[in-house]
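An overview of the molecular structure
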There are 4 protein chains.
Amino acid sequence: MTHQNDDAAATGKRARNPRNTRERLVRAALELFTSVGYHASTTPLLASRAGVAEGTIYRHFTSKEQLLNEIFRAAVRMFAAPVSDSANIGSCRERLGHIASVWREIARANPHVVKLVFVLDLDGLLDTRSRSAYGTLLDGIEAVMVIGKSTGQVRAGSARIWADVWLRLVVLVLERTAGAEWPPDHPAPQQILSSAWDAISAATL
Amino acid sequence: MTHQNDDAAATGKRARNPRNTRERLVRAALELFTSVGYHASTTPLLASRAGVAEGTIYRHFTSKEQLLNEIFRAAVRMFAAPVSDSANIGSCRERLGHIASVWREIARANPHVVKLVFVLDLDGLLDTRSRSAYGTLLDGIEAVMVIGKSTGQVRAGSARIWADVWLRLVVLVLERTAGAEWPPDHPAPQQILSSAWDAISAATL
Amino acid sequence: MTHQNDDAAATGKRARNPRNTRERLVRAALELFTSVGYHASTTPLLASRAGVAEGTIYRHFTSKEQLLNEIFRAAVRMFAAPVSDSANIGSCRERLGHIASVWREIARANPHVVKLVFVLDLDGLLDTRSRSAYGTLLDGIEAVMVIGKSTGQVRAGSARIWADVWLRLVVLVLERTAGAEWPPDHPAPQQILSSAWDAISAATL
Amino acid sequence: MTHQNDDAAATGKRARNPRNTRERLVRAALELFTSVGYHASTTPLLASRAGVAEGTIYRHFTSKEQLLNEIFRAAVRMFAAPVSDSANIGSCRERLGHIASVWREIARANPHVVKLVFVLDLDGLLDTRSRSAYGTLLDGIEAVMVIGKSTGQVRAGSARIWADVWLRLVVLVLERTAGAEWPPDHPAPQQILSSAWDAISAATL
DNA sequence: TATGAATGAGTTTTCATTCAT
DNA sequence: TATGAATGAAAACTCATTCAT
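Each chain has its residues counted from 1, following the order in which its sequence is written. Following the order in which they are written, the chains are lettered starting with A and the ligands numbered starting with 1. In keeping with the model being predicted, local features are shown solely for residues with a pLDDT of at least 70 and side-chain atom pairs are shown and tallied solely at 80 or more, while totals for entire chains, interfaces and linings include all residues.

As for the overall build of chain A
In terms of helices and strands, chain A carries 10 helices and 0 strands. Working definition: helices are DSSP H or I runs of at least four residues, strands are E runs of at least two. Numbering for both runs from the N terminus. Its helices and strands in sequence order give chain A the pattern α-α-α-α-α-α-α-α-α-α, from N to C terminus. A pair of residues counts as a contact when their C-beta atoms, built from backbone coordinates, are within 7 Å of each other. Of all intrachain contacts in chain A linking residues separated by at least 6 positions in sequence, the fraction that spans at least 24 positions is 66%.

What follows is the structure in structure tokens.
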């Protein structure tokens, strides 16, 4: 209404939209934490990447650690979704295939979250809620293995172990996918995912 | 190529020194880096763990980073040894079995080096020599896969991929071994190692 | 001499404003400054205590320091009133008694002002006007002592000294009164006030 | 022995004597805290006053607050000494006189400690030990009043009250003494000290 | 007048590194 | 070679103040 900076009007009033600032901080943090690490992502760096003043970080997060936990939990939630969503799929193999497929889409759309959730060693930095959210994600995969074992699809042995085995290989795929190391029609991801299934399936030769 | 004082750490050439300061620093650094991380391993902490004065660190290493690189390369050398030593083993499967077996002994004897070489994200901290030493180790595993493929034991597809797949699962075993999570006769390690072979072997059904 | 908006705080001129923002800020500041101190009374705290936004503080005061000075002077005026009002009382002793009595009522009605005027060390924070207002208050007490000396009621020696002596003991009473440490009929305040008179009166033994 | 900076040799190796650094920090802190206040005594200011680097503060004290507490307790100890030392003096009046006299010497020799112990409002900054040390000092004075009351020298009423009354007036003397406001032969201090005794003594007119 | 997000200078504190002994 | 006090740059975080709405 009052005439003002035209650019601001055109771009949707960037400068004073609170949502926007928070989002920019989250994006900058995600990028920095996963590329140079948590400790090297200093608050001056973080702020300049987000295009805000250093003090602004603390209007949106109580600490750098809380910022980390916030984005970590959001990322875990993304990966947890297809695990719950696939509860109705009967076959263990199909369900794992579904999960892996959705996860690959996540990795393509948002490469950083893969590293945040599955690669970085955030041991001393995560709070109880974050740890429990991640634990629940792992439990979800383990639960699939338990069903797989009960239907004879998955090998004998601890379900946790086969969850770990499967996860390690799927994360390998996700990392390479996030890194855009494979063109869309490259056979490697499917080869590794098959291999991951072979690694846990009760051999049927 | 040039080894210089690297070897001192490994061979204990400084044994004449009653305090064996360098060795104590190396041990303290290895423990700290792998337990609390590089950044949380401050020089005051490092010195007190090693039982020396802070300044003494700089008599033996030019910087904290060089200390890290020194112990990293020493650790890589430990894991590289069985890869070269097994060159004469003909069967790919037997050779990988040999390597995995020696690596497990290393993990049992010196739990920290597993984390240092295979788990920690030391990206911004390693120098060229360290990076290349680690690269050579990976190349060694890849070379085994190349032979495996030529003899038809290993699946079609990039040798690097099967090296990665095998490595991920073996590291899973090493981590658990280093963490002493399994009693000596627990079936899990053998299950996972079998599974790792199944994941890369040309299907024989 | 010029009073300007000082008086607003005292007389409540802004009553037309339903929120009465200024008054709420003054009250919150008075409470906070005297309970946690000037430095610990941050503007976020101040604003939340007054139930207004942080920026609103600066609609009514040019700075936190000015806010302090404003309430300090208002408080000094309260204590200065009975000093001038009692000018017609002839006996020094009776006049001091009157002042002390009104001051105790102030302390009961508004415990915070005692600490603000007589206890807190606001040295670096008060502006010239505030300092002079406080000086005038002290001068008023000293003037009473001068009269007391001229009538032989007060001891020989500097009038300023006996003003200080009397003031220190009366402030002791005011602090305890403000702190509600004594029930209404407790003998202590009268004992101390008597003692204060004995401390400055020309001994009549 | 080894030839070096002559000045250092002459002045007793200032630069590297650890005791000296701590002492300089203590002195600078005492001066600053009592002149501009705790909050205005920022660590850069503190360090430059002591002639050391900012980081050096933290080799000798764990925090600015601990530094304050350390010097506070040292100061309290100075004032507590004559209270205990005078335990053998029978007459209450003489004992108080002794205490006041030693305290005045302290105020002359080390003007800052008066403000630190008796004037500044350090409420939120003192730790338990400091608070208890100060409490013990007050208890000491109160104990003298208890004896005075039992021998009929001190007025009826709570001993704590007469301790407070006496203390307020003695502190007035100490402040002026510390401020060097009186030449050595000025009558004021003795007048006030007499007045302080009159304020608490059982009237004998 | 009131708001509250944004600012950036300033605070306390840490820590890798140096250097006189 | 070993010490450890001293350093100072840089870290995370705070807060009085501004200003577009």
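What about the protein's contact with DNA strand E?
The criterion for a residue being near a molecule or strand is simple: its C-beta atom, placed using the backbone, must lie within 6 Å of it. As a matter of local geometry, DNA strand E sits amid 35 residues, with Thr21 and Gly55 of chain A, Thr43 of chain B, Gly55 of chain C together with Gly55 of chain D nearest to it. If you list the elements that add at least two residues to the surface near DNA strand E, you get α2 (18-36) and α4 (54-60) of chain A together with α3 (43-50) and α4 (54-60) of chain D. Element by element, the count of residues in the surface near DNA strand E is highest for α4 of chain A, at 4 residues. Its residues assigned to classes, the surface near DNA strand E comprises 8 nonpolar, 16 polar and 11 charged. Only Asp, Glu, Lys and Arg are considered charged, only Ala, Val, Leu, Ile, Met, Phe, Trp, Tyr, Cys and Pro nonpolar, and every remaining residue, Gly among them, polar.

Things to note about the packing of helix α10 (residues 188-200) of chain C against helix α9 (residues 159-178) of chain D
Here the axes come from fitting lines to C-alpha atoms, over the contacting stretch only for helices, and the angles between their N-to-C directions go from 0 to 180 degrees. It is the contact of α10 of chain C with α9 of chain D, at a shortest axis distance of 11 Å, that shows an interaxial angle of 35°. Of the two elements, α10 of chain C crosses α9 of chain D, and the hand of that crossing is right-handed. The residues of α9 of chain D that touch α10 of chain C, namely those facing Ala188, Gln191, Ile192, Ser195 and Ala199 of chain C, are Ile161, Val165 and Leu169 of chain D. For the contact of α10 of chain C with α9 of chain D, the class distribution of residues is 6 nonpolar, 2 polar and no charged. By convention the crossing between two helices is left-handed if the near helix lies anticlockwise of the far one by an angle smaller than a right angle, and right-handed if it lies clockwise.

Comments concerning the interface of chain C and chain D
If you look at the interface, chain C gives 27 residues, while chain D gives 28 residues. Secondary structure elements with two or more residues in the side of chain C that touches chain D: α9 (159-178) and α10 of chain C. Looking at which element gives the most residues to the side of chain C that touches chain D, the answer is α10 of chain C, with 8 residues. Considered class by class, the residues forming the side of chain C that touches chain D number 15 nonpolar, 8 polar and 4 charged.

Points about the domain arrangement of chain A
Bring the parts together and some accessible area is lost; that lost area is often taken as the interface size. Residues and elements named next belong to chain A. Structurally, chain A comprises domain 1 (1-61) and domain 2 (64-205). Residue-level contacts link 9 residues of domain 1 with 11 residues of domain 2. If one sorts the elements of the side of domain 1 that touches domain 2 by residue count, α2 sits on top with 6 residues. Of the residues in the side of domain 1 that touches domain 2, the class split is 6 nonpolar, 2 polar and 1 charged. These domain boundaries are the output of an automatic or database domain assignment.

A word on helix α6 (residues 92-109) of chain B
Residues and elements named next belong to chain B. Expected span, for any helix, means 1.5 Å times one less than how many residues it has. The first and last C-alpha atoms of α6 sit 26 Å apart over 18 residues, in line with the 26 Å expected at 1.5 Å per residue. Counts of 20 or more other C-beta atoms within 10 Å of a residue's own C-beta define buried residues, counts of 12 or fewer define exposed ones, and intermediate counts define partly exposed ones; C-beta atoms are placed from the backbone. If you check which residues of α6 are buried, you get Cys92, Leu96, Ile99, Ala100, Trp103, Ile106 and Ala107. Buried positions in α6, seen along its axis, are confined to an arc of 115° and lie on one side of it. Away from the buried face of α6 by more than 90 degrees, exposed residues Glu94, Ser101, Glu105 and Ala109 are located. Of the surrounding secondary structure, the elements contacted by the buried residues of α6 are α5 (64-85), α7 (111-119), α8 (128-150), α9 (159-178) and α10 (188-200). Throughout, the arc means that of the directions going from the helix axis to the C-beta atoms.

What about the environment of arginine 176 of chain C?
Residue and element names in this part refer to chain C. On the secondary structure map, arginine 176 appears in helix α9. Taking the C-alpha atoms as reference, arginine 176 lies 13 Å from proline 187; in sequence the two are 11 residues apart. Those residues within four positions of arginine 176 in sequence are excluded, and the remaining contacts are Glu181 and Trp182.

Observations concerning the protein's contact with DNA strand F
What surrounds DNA strand F is a group of 36 residues, the closest being Gly55 of chain A, Gly55 of chain B, Thr43 of chain C together with Thr21 and Gly55 of chain D. The set of elements that each furnish at least two residues to the surface near DNA strand F consists of α3 (43-50) and α4 of chain A together with α2 (18-35) and α4 of chain D. Ranked by the residues each element gives to the surface near DNA strand F, the list is headed by α4 of chain D, at 4 residues. Residues that form the surface near DNA strand F fall into these classes: 9 nonpolar, 16 polar and 11 charged.

So, the relation of the copies chain A and chain B
The pair of chain copies shares a relation made of a rotation about an axis and a shift along it. Superposing copies: least-squares fit, C-alpha atoms only, residues required to have pLDDT of at least 70 in both. Turning chain A through 179° and shifting it by 0.1 Å along the axis lays it on chain B, with an RMSD of 0.2 Å. Taken together, the rotation angle and the small translation identify this as a two-fold axis. Comparing contact sets, 100% of the residues at the interface of chain A also lie at the interface in chain B, consistent with an isologous, same-surface contact.

Comments concerning the relation of the copies chain C and chain D
Laying chain C over chain D is done by rotating through 179° and shifting 0.0 Å along the axis; what remains is an RMSD of 0.2 Å. Counting the interface residues of chain C, we find that 100% of their copies in chain D are interface residues as well, pointing to one common contact surface.

What to know about the interface of chain A and chain B
Between chain A and chain B, the residue contacts involve 26 residues of the former and 27 residues of the latter. Every element with two or more residues in the side of chain A that touches chain B is listed here: α9 (159-178) and α10 (188-200) of chain A. Top element by residues in the side of chain A that touches chain B is α10 of chain A. It accounts for 8 residues. Tallied by class, residues from the side of chain A that touches chain B come to 15 nonpolar, 7 polar and 4 charged.

Structural notes on the environment of leucine 125 of chain D
Residue and element names in this part refer to chain D. If you trace the backbone, leucine 125 turns up in the loop between α7 (111-119) and α8 (128-150). The sequence separation of leucine 125 and leucine 68 amounts to 57 residues, and the corresponding C-alpha distance is 8.0 Å. Beyond its immediate chain neighbours, meaning those up to four positions away, leucine 125 contacts Tyr38, Glu65 and Leu68.

Comments concerning unusual backbone geometry
At alanine 180 of chain C, a position not held by glycine, the phi torsion is positive, near 55°. Tracing the backbone shows alanine 180 of chain C in the loop between α9 and α10.

Structural notes on the confidence of the model for chain A
What pLDDT reports is the predictor's confidence in each residue, on a scale of 0 through 100. Looking at chain A as a whole, its pLDDT mean stands at 91, while 90% of the residues score no less than 70. Across residues 1-16 of chain A the pLDDT falls below 50, and counting only partners more than four positions away or on other chains, this stretch makes 6 contacts in the model.

Some remarks on the packing of helix α6 (residues 92-109) of chain A against α9 of chain A
All names here are of chain A. α9 packs onto α6 with a crossing angle of 30° between their chain directions and a minimal axis gap of 9 Å. Here α9 runs roughly parallel to α6, going by the angle between their axes. Of the two possible hands of crossing, α6 and α9 adopt the one that is right-handed. Residues Leu96, Ala100, Trp103, Arg104, Ala107 and Arg108 of α6 pack against Trp166, Val170, Val173, Leu174, Thr177 and Ala178 of α9. When grouped by side-chain class, the residues that make up the contact of α6 with α9 number 9 nonpolar, 1 polar and 2 charged. Every angle not falling under 35 degrees, over 145, or within 65 to 115 is termed oblique; those three ranges are roughly parallel, roughly antiparallel and roughly perpendicular.

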